[in-house]
Amino acid sequence: MDKNFQEEFTQVIKFKPPLYKQRHQFVKDLVEKYKPKKVADLGCADCSLLRMLKFCSCIEELAGLDICANVMKEKMHTLSPLPADYLQPSERSLTITLHHGSVAHKDPCMLGFDLVTCIELIEHLEEPELKKFPEVVFGFMAPSIVVISTPNSEFNPLLPGVMLYRHPDHKFEWNQAQFQSWALETARCYDYSVEFTGVGHPPTGMERAGFCTQIGVFTRKYPQSGESVLSEKPTEAVYKTVFKAVYPSLKDEKYLQNAVISEVIFTAQIIKHRLTSKHEEYGNDPERKSKFQPSMDCFSDYLGKLVVEKNMEPFVSGNEVYIPLAIIFSFPKVNRLCGTFEKLCKLIAGKVTLSSDGSAVMFSIEGE
């Protein structure tokens, strides 16, 4: 629903937070509960729901579909990675794709999703599209969960300014019985169960009107047969891809290597400074020294334990400082990034200066 239009007719009944935010939060709560990896938003419009969902750590693939390409194009840049995403790549992979097309058509790019959302979508569909919609979403796409929200017409008399429908593009608005009848029949035909709820509580004393937005949460009863999908799979794509963003991820060897090299050098530099001069980082400022001393003391304690456990320690030889890789690998972040000592050696080979036998990171202290 258009947000500006919504504000016009909610002059008396004010939803806090706004109704569209409540719908988005409802979807986010479902995502946090079921942890889907692939989520598609049909009728994604300005991509505001996708922008919220991209921060959910379980999601690895997001897709949006809308019949109006211009609306998507206005906001699609907000789905692009930020500089910070490249500086600190996530441990998960994330791809976001936007498609231009109709929910009445089947396209293989929409197969394999765990969760499909249709937020304030079906009331915008013409009758022929609405008839095809269940077969496309429940029969062809067949995700584990489908969330459908739509206006509840029984709430309309409580909204000032609403004469027939809440938005000029709405083709219909169902009451609770009509929506539940359609949803139950759809669920029966495609082996789904459905639960009804909503957002936007009615005023006290008007509970019979129901939620302002009614919601059906459909759950597939049985795993989808791979053979049935292949038999119905279109041979040609019908949607047009208008946007695609692949976020930097530590699952990509290039970004992982950069992260490991940075962390190895950072850790080795701290050890080197503790080894060569405890006072080097503090200078002659007593206040600065007292500020950093506790954290550095904790670091020294941890380093001391590692030296005992590994039966080796950093050492200075002439103008060179040697920090054993085994000590660096034992630091939590390095360990988590690499997983194995062998992978650590592989990732930093040729990128970090090592001792002749490759067992230690080597720094020159000449001129320090």
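For the structure, check the block above.
First, a word on what this report is: a plain description of the structure on this page. (Residues numbered from 1 in each chain as written. Predicted model: local features only at pLDDT ≥ 70, side-chain atom pairs only at ≥ 80, totals over all residues. Heavy atoms only, no water.)

**Here we look at the overall build of the protein**
Okay, step 1: Of regular secondary structure, the protein possesses 13 helices and 11 strands.
Okay, step 2: Counting across all 368 residues of the protein, residues that qualify as buried make up 45%.
Okay, step 3: Within the protein, residue pairs in contact and separated by at least 24 positions form 73% of the contacts whose partners lie at least 6 positions apart.
Okay, step 4: Summed over all atoms, the accessible surface of the protein reaches about 19400 Å², with 53% contributed by carbon and sulfur. (Helix = DSSP H or I, 4+ residues; strand = E, 2+ residues; numbered from the N terminus. Buried < 20%, exposed > 50% of the residue type's maximum accessible area, 1.4 Å probe, protein only. Contact = heavy atoms within 4.5 Å. Areas by Shrake-Rupley, 256 points an atom, 1.4 Å probe, with all protein chains shown as cover.)

**Re the packing of aromatic side chains**
Okay, step 1: In this structure the tally under the stated criterion is 12 aromatic pairs.
Okay, step 2: With a centroid separation of 6.0 Å and an interplanar angle of 40 degrees, the aromatic rings of F15 and F155 are classed as tilted. Taken together, the positions of F15 in the loop between α1 (3-9) and α2 (19-34) and F155 in the loop between β5 (145-151) and α7 (176-189) put the pair 140 residues apart, joining distant regions of the chain. Judged on exposure class, the residue F15 and its partner F155 are both buried.
Okay, step 3: Put simply, the rings of F133, F172, W174, F179, W182 and F196 pair up and form one aromatic cluster.
Okay, step 4: Its guanidinium or amino end placed over the ring of F113, K38 lies 5.1 Å from that ring's centre, counting from NZ or CZ.
Okay, step 5: Directly above the ring of F363 sits K272, whose terminal nitrogen or CZ lies 5.3 Å from the centroid. (Phe/Tyr/Trp six-rings, centres within 6.5 Å; stacked < 30°, edge-to-face > 60°. Lys NZ or Arg CZ within 6 Å of the ring centre and 35° of its normal.)

**A few points about the sheet that holds strand β11 (residues 360-364)**
Okay, step 1: Taken together, 3 strands build an open sheet; the order of strands is β9-β10-β11 and the sheet is antiparallel. Each having just a single partner strand, β9 (315-317) and β11 make up the two edges of the open sheet. Each adjacent strand pair in this sheet contributes to an overall mean axis angle of 25 degrees, direction not counted.
Okay, step 2: Here strand β10 (residues 320-324) runs beside β11; their pairing, made up of 5 bridges, is antiparallel. Across the sheet, I323 pairs through a bridge with V361, a residue of β11. (Pairing = 2+ DSSP bridges. Axes fitted to C-alpha atoms, helices over the stretch in contact; angles between N-to-C directions.)

**Considerations on the pattern of salt bridges**
Okay, step 1: Going through the model one piece at a time under the given rule, you end up with 9 salt bridges.
Okay, step 2: Between E91 and R336 there is a salt bridge whose closest N-O contact spans 2.9 Å. Placement of the pair is E91 in the loop between α5 (83-87) and β3 (95-100) and R336 in helix α12 (residues 332-338), with a sequence separation of 245 residues.
Okay, step 3: Accessibility expressed as a relative area gives 47% for E91, which makes it partly exposed.
Okay, step 4: The salt bridge partner of E185 is R188, with a shortest N-O separation of 2.6 Å. Highlighted residues: E185 and R188, both in helix α7, separated by 3 residues, approximately one helical turn.
Okay, step 5: The exposure class of R188 is exposed, given its relative accessible area of 56%. (Salt bridge = Lys/Arg side-chain N within 4 Å of Asp/Glu carboxyl O.)

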